[in-house]
Amino acid sequence: MSHHYSGPDFGFPYGDARLDFTDLYAFPKPGDAGKSLLIMNVHPSAGENPPGPTTTEPFAPEALYELKIDTDGDAVADIAFRVRFSAFERGAQTATLHRVDGPQAAGTGDGGRVIVDGVPVSIGREARVTEAGDTRFFAGWRSDPFFCDVEGAKNNLQFTGDDFFADKDVCSIVLEVPNSALGAKEVRLWARTLTSDDGGGWLQVERGARPAQAVLLVEERDAYLGGEPADDGRFLAAFAHALEHTGGYASAEAKRVAGTLLPDILRYDPMSPASFPDNGRTLTDDGFDFFMRILTNGKVTGDNVGPHDDLLTEFPYVGPPHQDRVTKALHRKTPTDQT
C-alpha cells in the first residue's frame, strides 16, 4: 500500500474511506514544460479491514481536501489549493476550488480566492474537466494508478507479483497549472484531509506525500497524521529505531536514512524531469519498490509488480474507473455502509 489504509489496523481514518489520502503525484505536463500536473488521490474503492467495497459517494461534503506548497524550504505552506464538495444528491456532486497565498496558506480554513465554483464531479467513466483561465481541474472516480502486492507486504514481504490495485478505483483531484503558479523553481508538496469538528473548526485527519512510510514505519500514528512537516524531526528517532529492526541498519546509518524520509514532503522542480524520489513523482514511478529497498536495507528490491496500462496521455492522465457508478450512485447507501 502507499498511503492507503492509514487508519488503525489497516482501516480507514475515522472509519471513513472518503477521508483516506492515498497518493500524491507531481510532474511536468507532457509536451508543455511550462505547466505542471498535481494529483491528489483519496478514497480507495475497496477496504482491507473490513474487506469489501466502499461507498459510491466520491468525496465527503463535511471534509476539506488540501494541497500544500512550500516555496522557501521551511516545510511551511506558502500556497494552498483547497477543495470542498457539495452533498451527494441524486447521484451527483459538485466541487469548489480555492487558492490561498501567504501566511494564511499555512493555516486551516476553507476560504481563499475562488478558482472554480460548483463544477461537476465525475461519477462515471467519462472525465468531466473544467477549465478556468490557465488552470484545468478534475475531480472524481478514476482507476487507482498505484501498484503493489499488498498481500505479499502483509505476509512478511513474501511477494508473488499479485497487484492488489489492478482492478481498484480511487477518487482523484487533478490540477494543471502554469509553473509560475507554484511560486518558485523548486517547491515542496504535501496533501492533507480535514473534517469539521464539533466546534465549527477543522480537524486534520490525514497528511503525507511519500508512499508507504506512513503506513509501515509510523508508530505514533495519530500524532504523525495530525502533524505538520515542519515538526517531523520529532519522529526521527522512531523512524531510525524501526529501520534498525526492519533492515538491520547500524544505529548511525539508521538515523541518516531516516533523515532522508523526513520531513514527509515531495520535492519538485518543474523545470526538471520528474522521477521519484529525486524530483516529483510520475504515475509510473515505483514508489513502493523504492521504499522496500530502504525498509529492508536492500535485502528486498521489489514486489514484481509494474505500472498499470490504463493511464491516459492527456488530462486528467489517470485512467477511467473500472466501475461505472452512475446507476449505483442513484441507489447508494450511506457512506458508512458497504455497497
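Within every chain, residues take consecutive numbers counted from 1 along the sequence as written. Given that the model is predicted, a residue must reach a pLDDT of at least 70 before its local features are reported, and side-chain atom pairs must reach 80 or more before they are shown or counted; all residues, however, enter totals for whole chains, interfaces and linings. Computation of side-chain values: all heavy atoms of the structure, hydrogens and water removed.

Topic: the packing of helix α4 (residues 236–247) against helix α5 (residues 251–261)
One can describe the packing of α4 onto α5 by two numbers: an axis separation of 8 Å at closest approach and a directional angle of 120 degrees. Here α4 is positioned oblique relative to α5, judged by the angle of their axes. Considering the relative orientation of α4 and α5, their crossing is right-handed. Contact with α4, carried on its side by L236, F239, A240, L243 and E244, involves S251, A254, K255, V257, A258, G259 and L261 of α5 and no other residues of that element. Here the residues of the contact of α4 with α5 sort into 8 nonpolar, 2 polar and 2 charged. Axis definition: a line fitted to C-alpha atoms, limited for helices to the stretch in contact. Angles are taken between N-to-C directions and run from 0 to 180 degrees. Under the scheme used here, helices are H or I runs from DSSP no shorter than 4 residues and strands are E runs no shorter than 2 residues, and both carry numbers assigned from the N terminus. Angle categories are assigned with fixed cut-offs, so that under 35 degrees is roughly parallel, over 145 is roughly antiparallel, 65 to 115 is roughly perpendicular, and the rest are oblique. Handedness of each helix crossing follows the sense of rotation of the near helix against the far helix: counterclockwise by less than a right angle gives left-handed, clockwise gives right-handed. By definition in these notes, contact holds between two residues if any of their heavy atoms fall within 4.5 Å. For this classification, Asp, Glu, Lys and Arg are treated as charged, while Ala, Val, Leu, Ile, Met, Phe, Trp, Tyr, Cys and Pro are nonpolar and the rest, including Gly, are polar.

Some words on the packing of aromatic side chains
Only the six-membered ring of Trp is used, alongside the rings of Phe and Tyr, when aromatic pairs are assigned; centres must lie within 6.5 Å, and planes under 30 degrees apart are stacked while those over 60 apart are edge-to-face, with the rest tilted. Under the criterion given, the structure shown has 13 aromatic pairs. Ring geometry for F276 against F290: centres 5.5 Å apart, planes inclined by 85 degrees, an arrangement best described as edge-to-face. With F276 in the loop between β14 (266–268) and α6 (287–295) and F290 in helix α6, this pair connects stretches of sequence that are 14 residues apart. This pair shows no difference in class: F276 is buried, exactly as F290 is. Across from the ring centre of F164, 4.1 Å away, lies the NZ or CZ of K168, which sits over that ring. When the NZ atom of lysine or the CZ atom of arginine is within 6 Å of a ring's centre and also within 35 degrees of its normal, the charge is said to sit over that ring. For R325, the ring lying beneath its charged end belongs to W141, and the centroid distance is 3.8 Å. Relative accessibility thresholds used throughout: buried, under 20% of the residue-type maximum; exposed, over 50%; partly exposed, between the two (1.4 Å probe, protein chains only).

A closer look at α5
For α5, the set of buried residues is A254, V257, A258 and L261. The buried residues of α5 all sit within an arc of 105 degrees when viewed along its axis, so they share a single face. Of the residues in α5, the exposed ones pointing more than 90 degrees away from the buried face are A252 and K255. Here the buried face of α5 lies against α2 (213–216), α4 and α6. In this description, the arc belongs to the directions extending from the helix axis to the C-beta atoms.

Here's the deal with the environment of F315
Mapped onto the elements of the fold, F315 is located in the loop between α6 and α7 (326–329). Taking the C-alpha atoms as reference, F315 lies 8.2 Å from V129; in sequence the two are 186 residues apart.

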